[in-house]
Structure formats: structure tokens, C-alpha cells
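The chain contents come next:
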Amino acid sequence: MTLHSPKHTLIIAEAGVNHNGSLDLARQLIDAAAEAGVDYVKFQTFRAERLVTRTARQAAYQSRNLGASHSSATGDSQYEMLKALELSSDDHRTLIDHCRARNVRFLSTAFDLESIDFLGSAEVGLSLWKVPSGEITNFPYLRAIGMTRKPVILSTGMATLDEIEQAIGVLTRFGTPHDQITLLHCTTEYPAPKEQVNLRAMDTMRTRFRLPVGYSDHTQGIEIPIAAVAMGATVIEKHFTLDRNLPGPDHRASLEPDELKAMVQAIRQVESALGSGSKEPVEAERANIPIARKSIVAATFIRQGDQFTEENLTAKRPGTGLSPMQWETVVGQTAIRDFEPDEPIEL
């Protein structure tokens, strides 16, 4: 499978756990993603008991974003928070069918080994893997992904270059083709401060690892992912929600449907504007060449036999005659006939 096209940025709309445990809400998220025109809508596949210990505490952003009413029910338990956000196997089947009906591709991130088995099974059959930032140092997880030999999109939030190199090494050692790995730059905070995004890290990773690079965005708004595309991102991942005011760990750092659609449209415009990279006149500007450029014309009346000089020549529009770049060739030659002021010079 080819993930990348020079003319098409792969856009992943990250529904994640923004369904709040509701299958109906998850279906509505798929509808919104399809309406926005994304390539993939992505969920998260896990079992809380295989993902966290029962004593694991929520991240500060999770407690902050959940809101007081939700926190009172779960305390600061990450286990209780995640348990309420699980999708069952039947839920996955329903969502896959709904994605197919809405002509948008289904994707989900596995957070444990059993979930890798499920998503990679013949029943689900994901064609690619999205490895989350938190698993980049999880050897057994990376080994299991590598053994499937499928393309991998690897998020690199919180990671050093050495950790990224080690993760790539595990994936390729166990079967992932090196050229089937895409690195996603990411700042793992929800929402992420824009001044800490550091988009230039994409260039660093692209040069260091000789791999395609994309961007997973957790900032508020759509400006940063659009800028990432202009800088060469081949994949964009962005959280979205139906309503940023819903309780949940990721809603505040997510786009609402109209914003998601605006982001997709802007990215498509930017990638169209990036072009081929060759520098030559394009079709839209060719007709303006003679209008905008100049020709060598007579600055004064010039008699036949007079010598062309710096004083009796000038450059004026339109550019239908001799180019001013021939100035040194023309100066010093003899007029073959009379030339009125503003008349194009002929040799």
C-alpha cells in the first residue's frame, strides 16, 4: 500500500475517545468526518485493564479537560476514565460498516497487544498501523506491529531522536519495510501551546531518518497543520469533536465539524499551490509576459545612420520587441532607419 502522493496529503480525523462511550455519538463523528472530506476517521482500541494499572492517575490535562462533574464520578483514576471510553468488538464492526457506507476509511490505534491482534485480524484487516506516541518505547508492542509487515505511521510526541531511531529499528527488525514508515511530529499536550510546536523538527527528522514526515496536531485552531503541509507534511492528524464543550479528555484540543471541514479545504488549497517545484512560466501568467515586460524603444527621434546610445534609447512596455537584456548589443550599433520616440528598435 502506498501512503503518500506528492499531490495529496493524507488527512486523518482523530475521533479518538471523543465518542464518550456512545456508539451513536461515534457514528455522528464518522458522519462529520465524511462531510469534511478527510481520508480516514480514527478511533482508539483498548481494554482499560490491559492499558493501565488500577492505580494509574490521570494526566493533568485529562483531569482539567474532564470537568468537575466527570471527575467526581471517576476521581483521578485513569483506569475508570478509560473504562468508560472502551469500544466493544461489536462497536468496531458497526463503525467499520458505517465508515464504508459514508465512503471514508476506518482506522483505529491499538493500545495493547490483544487489540493489535483484533485490528489486524481478517475480520477487521487494517491496512496500516498508527502507533501512538506513548508506545514508541514499548518493545513488545513495536515488535508485534513490525511482525505484521504493514505500513506504519509512527507518532513521535515526547520522543528524542535516539528513541525514534530505536523504535524504527525494532519495527524494521521484525518486518516493517523501512520505506513504509512515516514519522509524525507531535507535541503531546492537549491543547498544545503553539509556541512549543517546533514544526522545524519535521525537517530534522526527515533529514536524519530519510523518511516521509507528517504532523499530528494538538493545538487549538487550524493554522498549524496548514503550515505543516506547506513545510512538506505528507500526513496530517487532527482531533475533532461534535462539541468542544463536551466532557472528556480530548474535546478541548479538538476541532468542531465546520473547523475540520475548513482545515481540509485549506490543506487541499495549499497542496495544490505547492506545485511541481520547477521554475518556469505557468499557463496563467504567460499572457502577461509581453504586458508586464519591456522592450528597447527610442527615447528621442533617431535618424537613419545615427548611432544608438544610452541617451537616445530607453526601455518601456510592452515587451513585444527587443529585450532590454540585449541593451549592450544594441548600444553602439547604427540605426537602419528613422525611429520615432517610443518606437521599438529594430536591428
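This structure is a prediction, so every number in the text was calculated from the model and none was measured.

1. Quick look at the overall build of the protein chain
Next up, step 1: Helix and strand content of the protein chain: 15 helices and 10 strands.
Next up, step 2: Computed over its C-alpha atoms, the radius of gyration of the protein chain comes to 29 Å, more than 25% above the 20 Å expected for a compact globule of 347 residues.
Next up, step 3: Over its C-alpha atoms, taken along the principal directions, the protein chain stretches across nearly 100 × 45 × 40 Å.
Next up, step 4: Here the protein chain holds 347 residues, and 46% of them are scored as buried.
Next up, step 5: Residue pairs at least 24 apart in sequence account for 68% of intrachain contacts in the protein chain once pairs closer than 6 positions are excluded.
Next up, step 6: Of the accessible surface of the protein chain, which amounts to about 16,900 Å², a share of 49% is contributed by carbon and sulfur atoms.

2. Thoughts on the packing of aromatic side chains
Next up, step 1: What the rule picks out here adds up to 4 aromatic pairs.
Next up, step 2: Each ring, one from phenylalanine 43 and one from phenylalanine 106, has its centre 6.1 Å from the other, and the planes form 25 degrees; the classification is stacked. With a gap of 63 residues between them, phenylalanine 43 in strand S2 (residues 40-45) and phenylalanine 106 in strand S3 (residues 105-110) connect regions that are remote in the sequence. Like phenylalanine 43, the residue phenylalanine 106 is buried in the burial classification.

3. Considerations on unusual backbone geometry
Next up, step 1: The step from tyrosine 190 to proline 191 runs through a cis peptide bond, and the omega angle for that step is -5 degrees.
Next up, step 2: By secondary structure assignment, the location of proline 191 is in the loop between strand S6 (181-186) and helix H10 (201-209).
Next up, step 3: Positive phi is not limited to glycine here, since arginine 210 has a value of about 55 degrees.
Next up, step 4: With respect to the helices, strands and loops of the structure, arginine 210 is situated in the loop between H10 and strand S7 (213-217).

4. Quick notes on the nonpolar core
Next up, step 1: Core analysis: the biggest nonpolar cluster contains 69 residues, and Val38, Val41, Phe43, Leu154, Leu183 and Phe240 have the highest contact counts within it.
Next up, step 2: Tallying contributions element by element places helix H1 (residues 23-36) first for this core, with 7 residues.
Next up, step 3: Discounting residues that sit within four places of it in the chain, leucine 154 has contacts with Val131, Ile136, Ala167, Ile168, Leu171, Thr182, Leu183 and Leu184.
Next up, step 4: Among the nonpolar cores identified, the runner-up in size contains 11 residues, and Ile296, Ile302, Phe308 and Leu322 belong to it.

5. Quick word on the pairing of strand S9 (residues 295-298)
Next up, step 1: Of the two faces of S9, both are covered, the one formed by Ser295 and Val297 as well as the one formed by Ile296 and Ala298.
Next up, step 2: Alignment of S9 against strand S10 (residues 313-316), held across 4 bridges, turns out to be antiparallel. The residue bridging isoleucine 296 from the neighbouring strand is alanine 315, located in S10.

6. With respect to the side chain of serine 155
Next up, step 1: Relative to the helices and strands, serine 155 is located in strand S5 (residues 152-155).
Next up, step 2: A distance of 3.1 Å separates a polar atom in the side chain of serine 155 from a polar atom in the side chain of lysine 130.
Next up, step 3: Apart from the residues lying within four places of it in its own chain, the contact partners of serine 155 are Lys130, Val131, Pro132, Ser133, Ile136, Leu184, Ser216 and Glu237.

7. Describing H10
Residue pairs three or four apart in sequence face the same way in an α-helix, which turns once every 3.6 residues.
Next up, step 1: Among all positions in H10, only Ala201, Met202, Met205 and Phe209 are buried. One face of H10 carries all of its buried residues, which in axial projection span an arc of 105 degrees.
Next up, step 2: The secondary structure elements touched by the buried residues of H10 are helix H9 (161-173), S6, S7 and helix H11 (223-230).
Next up, step 3: One or two residues past the end of H10 sits arginine 210, with phi positive at roughly 55 degrees.

8. Section: the sheet that holds strand S4 (residues 129-131)
Next up, step 1: Strand order in the open sheet formed by 8 strands is S3-S2-S1-S8-S7-S6-S5-S4, with parallel pairing between adjacent strands. Bordering the open sheet on either side are S3 and S4, each of which pairs with just one other strand. Between one strand and the next, the sheet's axes are offset by a mean angle of 25 degrees, whatever the strand orientation.
Next up, step 2: In terms of strand pairing, S5 meets S6 through 4 bridges, oriented parallel. Note on S6: the bridge partner recorded for valine 152 is isoleucine 181.
Next up, step 3: Sheet strands touched by helix H8 (residues 139-147): S3, S4 and S5. Its angle to S4, the strand with the most contacts, is close to 165 degrees.
Next up, step 4: Sheet strands touched by helix H12 (residues 257-274): strand S1 (10-16) and strand S8 (235-239). Its angle to S1, the strand with the most contacts, is close to 165 degrees.

9. Some remarks on the packing of H8 against H9
Next up, step 1: H9 packs onto H8 with a crossing angle of 40 degrees between their chain directions and a minimal axis gap of 7 Å. Here H8 is positioned oblique relative to H9, judged by the angle of their axes. Relative to H9, the crossing made by H8 is right-handed. In this structure, H8 uses Phe139, Leu142, Arg143, Ile145 and Gly146 to contact H9, whose residues at the interface are Ala167, Val170, Leu171 and Arg173.

Here is what the cut-offs are and how they apply
Residues numbered from 1 in each chain as written. Predicted model: local features only at pLDDT ≥ 70, side-chain atom pairs only at ≥ 80, totals over all residues. Heavy atoms only, no water. Helix = DSSP H or I, 4+ residues; strand = E, 2+ residues; numbered from the N terminus. Rg over C-alpha atoms; globule rule 2.2 N^0.38 Å. Buried < 20%, exposed > 50% of the residue type's maximum accessible area, 1.4 Å probe, protein only. Contact = heavy atoms within 4.5 Å. Areas by Shrake-Rupley, 256 points an atom, 1.4 Å probe, with all protein chains shown as cover. Phe/Tyr/Trp six-rings, centres within 6.5 Å; stacked < 30°, edge-to-face > 60°. Core = buried A, V, L, I, M, F, W, Y, C linked by side-chain atoms within 4.5 Å. Pairing = 2+ DSSP bridges. Polar contact = N/O pair within 3.5 Å; in protein donor to acceptor, adjacent residues only side chain to side chain. Arc of directions from axis to C-beta. Axes fitted to C-alpha atoms, helices over the stretch in contact; angles between N-to-C directions. Parallel < 35°, antiparallel > 145°, perpendicular 65-115°, else oblique. Left-handed = near helix turned anticlockwise from the far one by under 90°.

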